[in-house]
Amino acid sequence: MEKLSSLARFKNSCPFLGGTKTSTLRALSTAISPRFPSISQLTERATGCPIMGPALVMRSTQMVAGYASVAGQADVQKIHHSKGIFPGTSVSEADIAKCPHASAARAAARMADDLAAASVTKAPEAGKEAPSTAQKAAAAGCPFHKATAATVAEEQSAKLPDVAEKQAPSVTSGHYNYDKFYAAELEKKHKDQSYRYFNNINRLATKFPIAHTASVKEEVQVWCANDYLGMGNNPVVLETMHRALNKYGAGAGGTRNIAGNSAMHLGLEHELATLHRKESALVFSSCYVANDATLSTLGSKLPGCVYFSDASNHASMIQGIRHSGAKKEIFKHNDLNDLEVKLQKYSKDTPKIIAFESVYSMCGSIGHIKEICDLAKKYGALTFLDEVHAVGLYGPRGAGVAEHLDWESHQMAGQNPEPIKDSVMDRIDMITGTLGKAYGTVGGYVAGSRDFIDMIRSYAPGFIFTTSLPPATVAGARASVIYQKHHVGDRALKQVNVRTVKERFAALDIPVVPGPSHIVPVLVGDAGLARAASDKLLHEHGIYVQAINYPTVAVGEERLRVTVTPRHTTEQMDGLIIAMDTVFTELNINRISDWAKLGGRANVGVGKENVEPIWSNAQVNTAGQPQTLRDGEAAVVDANAIQVVRKSFEDLLGAVELNETERRVEAALLTGAVTHVVEALPKKAKAPLAPVNPVDVPVTPTVAVSA
């Protein structure tokens, strides 16, 4: 209604438009009314015009009536089902937003009510309140729309007294309407389809990767959790947490500086430092906090510091750099030439930090770590590497991609904590990681030199003023790190399963954004379709895969981010492939061939699909050619790694006491697991893993637990 090109035509006939500068009109047309958030300040002023006011109210009422009559009950039901929307008996605000018909009607009804309220010149007489526009707009047969009418009717009943109050002289006149502001901000999210929906998913420790929904009787398969290796229910992790909980209680008792600095915390930090072969490490409540606190503190303390940040960096890194107040240069994703051009702009004595990731979680690409280290050395910069989506998953000990790039050297060094000179991991100045993904617990950390860590500990508000993580949580995280240091089998099997799923998607022309990592981003390319596909997978197939929309990914590159774990079985993979193929067909989502005709999108359909995985066949086979589980088979747990974990906690928790029955059960599990592995080895004949000369490493004894 308010495009300036249209308004210009009426300047001669409208005294207000004719006497107002174009810049003022532009400002009024783009500024939201503080009293009526669904309309602009210009529209609010127009409601006072004897000609435009009634015309605006009439036109908005016509729009709402149009939405109300667009379809009958049967048609509305078909609309919902075709979009993957299945309304139940109770309809929430989020449900309303899922329905394109009802959400549009709600927006139109709110605008109509705001226009009507803005044009009111006196408070309504008692007992003569007119029905709201939303009530008139309720569409028969649409549960979402009925709920919308009820919602807007409540807003209307609360709004009219508010308008009367603002028009009458009183001490409260002019107060800002905060609730309307919140509603307007949410409406923006609904309109651009970036509103986030939170499914009620409750992962079951004894049935991984199964979870129940809001109903404990409704179980679904989880295909998007970041518990990449299933360590959240590893038996020795749970055992250690139970023992620590019983001894030290539920909470830490305070910040690290006030009663919250326990032997458990110090032990975890030592474990993480040795994992990355660094002098020291510092644990935070999450890696978001670790990145934010480290980058903001470092950038604010280094005089004249300049950050060089990859365009695809995580939000936590972006926030940390922003909070530092330091100057920043953003280089194109994984573009070494662009990075060097920007580095060349500054003298060598200017403090510089290159911040980047090893595995970029939404596209699956891997950072050029070695090459960036070369540029850092050439131009006198520090390196900050986020290994959040890599720790536990890459390298012979799970230290991440930096370790993986020098696999043989780190494998030969074993658990020696000393740095390997000139290795990629040694050349990185600062490494951050998480305990909440591959390690299956919670928390984040940064590792580096002793003085660097001490400086962050001494200055970072995100560390100093935060309650310390509970001892039981810290113990579980340390147990998980130790276990994965001594067991390569989980991450190797994960790679096998990831390859299988990617190959099967490709065979069905289902588009996966190509990348060498474990990330499996299935491209959809439309926010509404991505959400509809996610809903259909959940409600019709019992498969939970979350839709990823803007601002996490660019508009037009919306996707379903599939997470494949070592605990997903062959049968579960079959179900995922069939369900995804069915949903793509039913919703007419573009496949690889379709994207190719359109010129490609997110590297799909441009001939870049065949990307060599970072895990070589030889590296995978260090685990003895791991086998995908079948339904009913037990997952393999490394008995040697369990013993190392238990030994590591003896000084604090004592030795694990097993009675005779428990010893017999453990022995039986050990025998059964060894038999399972030995029998499986000759059966492996899958092309991507053969022919390979297996690396000569000792095969560890194993025990089995329930899958």
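Refer to the preceding data block for the structure.
Only a predicted model underlies this, so the values are computations on that prediction, with no experimental measurement involved.

Draft legend 1. The arrangement of helix H24 (residues 489–507) in detail. Counted at 1.5 Å a residue, the expected span for H24 with its 19 residues is 27 Å, and the 27 Å between its end C-alpha atoms agrees. Judged by how many residues are buried, H24 sits mostly within the fold: 15 of 19 residues are covered. Phi for Asp509, located one or two positions after H24, is positive at around 70 degrees.

Draft legend 2. Structural detail: a nonpolar patch on the surface. A cluster of nonpolar side chains, contributed by Tyr176, Tyr178, Phe181 and Tyr182, occupies part of the molecular surface with about 450 Å² of accessible area. Here Tyr178 shows up in helix H11 (residues 178–191).

Draft legend 3. Up close: the packing of helix H12 (residues 235–248) against helix H23 (residues 471–485). At a minimum axis distance of 8 Å, the contact between H12 and H23 shows a crossing angle of 150 degrees. The angle between the axes of H12 and H23 places the two elements in the roughly antiparallel class. For the crossing formed where H12 meets H23, the hand is right-handed. Each of Val236, Val237, Thr240, Met241, Ala244, Leu245 and Tyr248 in H12 lies in contact with H23, whose residues at this interface are Pro471, Ala472, Thr473, Ala475, Gly476, Ala479, Ser480 and Tyr483. For the contact of H12 with H23, the class distribution of residues is 11 nonpolar, four polar and no charged.

Draft legend 4. Region of interest: the sheet that holds strand S9 (residues 430–434). Spatial strand order, S4-S10-S9-S8-S7-S5-S6: seven strands in an open sheet with mixed pairing. The sheet is open, and its two edges are formed by strand S4 (280–284) and strand S6 (327–331), each paired on a single side. Strand after strand, the sheet turns through a mean of 20 degrees between neighbouring axes, direction not considered. Pairing analysis gives five bridges linking S4 to strand S10 (residues 444–448), with the strands arranged antiparallel. Bridge assignment links Ser280 to a residue of S10, and that residue is Gly448. The sheet contacts of helix H15 (residues 315–324) involve strand S5 (306–310), S6, strand S7 (352–357) and strand S8 (381–386), and relative to S7 the element is tilted by about 160 degrees.

Draft legend 5. Looking closely at the pairing of S7. With respect to burial, S7 is a largely interior element, six of its six residues being buried. Residues Lys352, Ile354 and Phe356 point to one face of S7 and Ile353, Ala355 and Glu357 to the other, with burial holding for every one of them. Across four bridges, the pairing between S5 and S7 is parallel. Residue Ser309 lies in a different strand from S7, and its bridge partner there is Ala355.

Draft legend 6. Representation of the packing of aromatic side chains within the structure. Within this structure, the stated rule accounts for seven aromatic pairs. Arranged with centres 6.0 Å apart and planes meeting at 65 degrees, the rings of Phe181 and Tyr182 form a pair that is edge-to-face. Under the relative-accessibility criterion, Phe181 is labelled partly exposed at 35%. Aromatic rings pair up to connect Tyr176, Tyr178, Phe181 and Tyr182 into one cluster. Sitting over the ring of Phe649, Arg478 keeps its end group 4.8 Å from the ring centre.

Draft legend 7. Region of interest: unusual backbone geometry. For the bond from Phe208 to Pro209, the omega torsion is 10 degrees, close enough to zero to count as cis. When you line up the elements, Pro209 lands in the loop between strand S1 (202–203) and strand S2 (210–212). With a phi close to 55 degrees, Arg277 is a non-glycine residue in the positive phi region. You can see Arg277 is positioned in the loop between helix H13 (263–275) and S4. Accessibility expressed as a relative area gives 3% for Arg277, which makes it buried.

Reading guide: rules and limits
Sequence order as written defines residue numbering, which begins from 1 separately in each chain. Restriction of local features to residues with pLDDT of at least 70 applies here, the model being predicted, together with a cutoff of 80 or more for giving and counting side-chain atom pairs; totals for whole chains, interfaces and linings are based on all residues. As a rule here, side-chain values cover all heavy atoms of the structure and leave hydrogens and water aside. Under the DSSP-based scheme used, a helix requires at least four consecutive residues in state H or I and a strand at least two consecutive residues in state E, with every element numbered from the N terminus. Each residue after the first adds 1.5 Å to the expected span of a helix. Accessible area is worked out with a 1.4 Å probe on protein chains only. A residue is then buried under 20% of its type maximum, exposed over 50%, and partly exposed in between. Patch membership requires over 30% relative accessible area and the absence of a salt bridge. Like charges are linked within 9 Å, and nonpolar side chains (Val, Leu, Ile, Met, Phe, Trp, Tyr) within 5 Å. With residues, only the protein chains shown are counted as cover, and all accessible areas are computed by Shrake-Rupley using a 1.4 Å probe. The term salt bridge refers to a side-chain nitrogen of Lys or Arg lying within 4 Å of a carboxyl oxygen of Asp or Glu. Helix axes use the C-alpha atoms of the stretch in contact, all axes being lines fitted to C-alpha atoms, and the angles between their N-to-C directions lie in the range 0 to 180 degrees. Note on terminology: angles under 35 degrees are roughly parallel, angles over 145 are roughly antiparallel, angles of 65 to 115 are roughly perpendicular, and the others are oblique. Crossings are classed by handedness, with left-handed meaning an anticlockwise turn of the near helix from the far one by less than a right angle and right-handed meaning a clockwise turn. By the convention used here, residues are in contact when the closest approach between their heavy atoms is within 4.5 Å. Residue classes follow a fixed rule: Ala, Val, Leu, Ile, Met, Phe, Trp, Tyr, Cys and Pro count as nonpolar, while Asp, Glu, Lys and Arg count as charged, and any other residue, Gly among them, counts as polar. Two strands qualify as a pair provided DSSP detects at least 2 bridges between them. Each aromatic pair joins two rings of Phe, Tyr and Trp (for Trp, the six-membered one) with centres within 6.5 Å, and gets the label stacked for planes under 30 degrees apart, edge-to-face for over 60, and tilted for any other angle. Lysine NZ or arginine CZ positioned within 6 Å of the ring centre and within 35 degrees of the ring normal marks a charge as sitting over the ring.

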